[in-house]
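Results of the structural survey
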Amino acid sequence: MRKVIFHYHLFKNAGTSIDSIFRSLFASGISQEKEFPEGIKRNRACVKAWISEQKSCLYFSSHTAYLPPPRFLFTRVLPIIFVRHPLDRVASVYEFESRSAGSDFGSALARKTDFSGYLNARLAVPLDRQCRNFHAQKLAFMYGERHGPDIVRAEKAIRCLPFVGVVDRFAESLMVLQSWLKREGVIGADVVLEPQWKNATQSRKYELDQRLVSMEEGLAPSTFSRLLEANQDDLQVYQLANEKLDRALLGCS
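Structural notes, computed from the coordinates. Every value quoted in this text rests on a predicted model; they were computed, and no experiment measured them. (Residues numbered from 1 in each chain as written. Predicted model: local features only at pLDDT ≥ 70, side-chain atom pairs only at ≥ 80, totals over all residues. Heavy atoms only, no water.)

A short note on the overall build of the chain
- Broken down by element type, the chain carries 11 helices and five strands.
- Relative to the 2.2 N^0.38 estimate, which gives 18 Å for 253 residues, the radius of gyration of the chain is 18 Å and therefore close to what a compact globule would have.
- The C-alpha extent of the chain, read off along each of the three principal axes, is 55 × 40 × 35 Å.
- When burial is assessed residue by residue, the chain has 49% of its 253 residues classed as buried.
- Within the chain, contacts between residues at least 6 apart in sequence are counted, and of these 71% link residues at least 24 apart.
- Looking at the chain as shown, the accessible area adds up to about 12,400 Å², and 53% of this sits on carbon and sulfur atoms.
- Computing the positive centroid from 35 side-chain charges and the negative centroid from 28, the chain places the two 8 Å apart. (Helix = DSSP H or I, 4+ residues; strand = E, 2+ residues; numbered from the N terminus. Rg over C-alpha atoms; globule rule 2.2 N^0.38 Å. Buried < 20%, exposed > 50% of the residue type's maximum accessible area, 1.4 Å probe, protein only. Contact = heavy atoms within 4.5 Å. Areas by Shrake-Rupley, 256 points an atom, 1.4 Å probe, with all protein chains shown as cover. Lys, Arg positive; Asp, Glu negative; His and termini not counted. Charge placed at Lys NZ, Arg CZ, Asp CG, Glu CD.)

Remarks on the pairing of strand E3 (residues 59–62)
- Side chains of E3 alternate between two faces, with Tyr59 and Ser61 and Phe60 and Ser62 buried alike.
- Direction of pairing for strand E1 (residues 2–8) relative to E3: parallel, over a ladder of four bridges. Counterpart to Phe6 in the pairing with E3 is Phe60.
- Sheet topology note: the strand E2 (residues 31–33)/E3 ladder contains three bridges and is parallel. Paired with Gln32 across the bridge in E3 is Phe60.
- Assessed by its sense of winding, the connection that carries the chain from E2 through helix H2 (residues 40–53) to E3 is right-handed. (Pairing = 2+ DSSP bridges. Right-handed = clockwise from strand over helix to strand, strands pointing away.)

Considerations on the packing of helix H8 (residues 170–184) against helix H11 (residues 232–252)
- Interhelical geometry of H8 versus H11 gives an angle of 60° and a closest axis separation of 9 Å. By the angle between their directions, the pair H8 and H11 is classed as oblique. H11 is crossed by H8, and the crossing has left-handed handedness. Two secondary-structure elements touch here, H8 through Glu172, Ser173, Met175, Val176 and Ser179 and H11 through Leu245, Ala248, Leu249 and Cys252.
- Across the contact of H8 with H11, the residue classes break down as six nonpolar, two polar and one charged. (Axes fitted to C-alpha atoms, helices over the stretch in contact; angles between N-to-C directions. Parallel < 35°, antiparallel > 145°, perpendicular 65-115°, else oblique. Left-handed = near helix turned anticlockwise from the far one by under 90°. Nonpolar A, V, L, I, M, F, W, Y, C, P; charged D, E, K, R; others polar.)

Quick word on unusual backbone geometry
- Residue Pro68 follows Leu67 across a cis peptide bond; omega there is 0°.
- Backbone geometry at Lys12 places phi at a positive 60°, although glycine is not the residue there.
- In this structure, Lys12 sits in the loop between E1 and helix H1 (15–25).
- Notably, Ala14 is not glycine yet its phi reads approximately 65°, a positive angle.
- Inspection of the secondary structure puts Ala14 in the loop between E1 and H1.
- When its relative accessible area of 12% is taken as the criterion, Ala14 is described as buried.

Description of the sheet that holds E1
- Across the sheet, which stays open at both edges, the five strands sit in the order E2-E3-E1-E4-E5 with parallel pairing between neighbours. Of all the strands in the sheet, just E2 and strand E5 (165–166) have a single pairing partner and so form its edges.
- Of the strands in this sheet, E1, E2, E3 and strand E4 (75–83) touch H2, which is tilted by about 135° from E1.

Details of the nonpolar core
- With 75 residues, the main nonpolar core has Phe6, Phe22, Tyr118, Leu139, Leu177 and Leu181 as its most contacted residues.
- In this view, Leu181 contacts Ile5, Phe22, Leu78, Val186 and Ile187; residues no more than four positions away in its chain are not counted. (Core = buried A, V, L, I, M, F, W, Y, C linked by side-chain atoms within 4.5 Å.)

Looking at helix H4 (residues 105–112)
- Buried within H4 we find Gly106, Ser107, Leu109 and Ala110. Around the axis of H4, the buried residues are gathered within 165° of arc, so they sit on the same side.
- Check the buried side of H4 and you find it contacts helix H3 (86–99) and helix H5 (115–123). (Arc of directions from axis to C-beta.)

Printed below as a string of structure tokens:
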């Protein structure tokens, strides 16, 4: 049975750091990154074809691949995904996009307005999920719409996925990830997944609680309340991911 690691690299969720860890762990040529079209059926078909074609590859990563991981007769896909406190993530997205030279909507908006203006503009777009329950939508792809709304499907995904990391508990998440991958036999018994930060924003030097307090103090109460209301599903996702990590850490001790 061939086993491969597939990293569902969610934007501003420590994905570049994870990719860097595995690129340094695996030899050149067995770590690949690729992006895919938005249509769900085509997206999943392309992901499956990619894994099939790259027969020598052990580690795959994509910002745009949709869950669930593809199934094969003789290949097992081991999915990795990280979640983050949704408000902390939104602040990181703004910080990143305000420094970006990109021409996309988010980058152009961030360069010409402050954080409050950025939030209000993005939250005014009903289908824009970058600042609204981002994780719940991504995790919900694991199951079809017949299973219920995004939050129901996201909760089910967290329960069923073999690994869900938490960005602000990166070292602990790596301990759990390392233990699982060793049990699966895809990394050696002597391998240690060392935390390293790549593409991190400057505010990373502060603790999460400090960052959240600073955000609330820096925004108008109406804007902060609007952001909080728009991320109720994601706050629930974040709590469930932390609870899953707590249980997994008991098995590592």
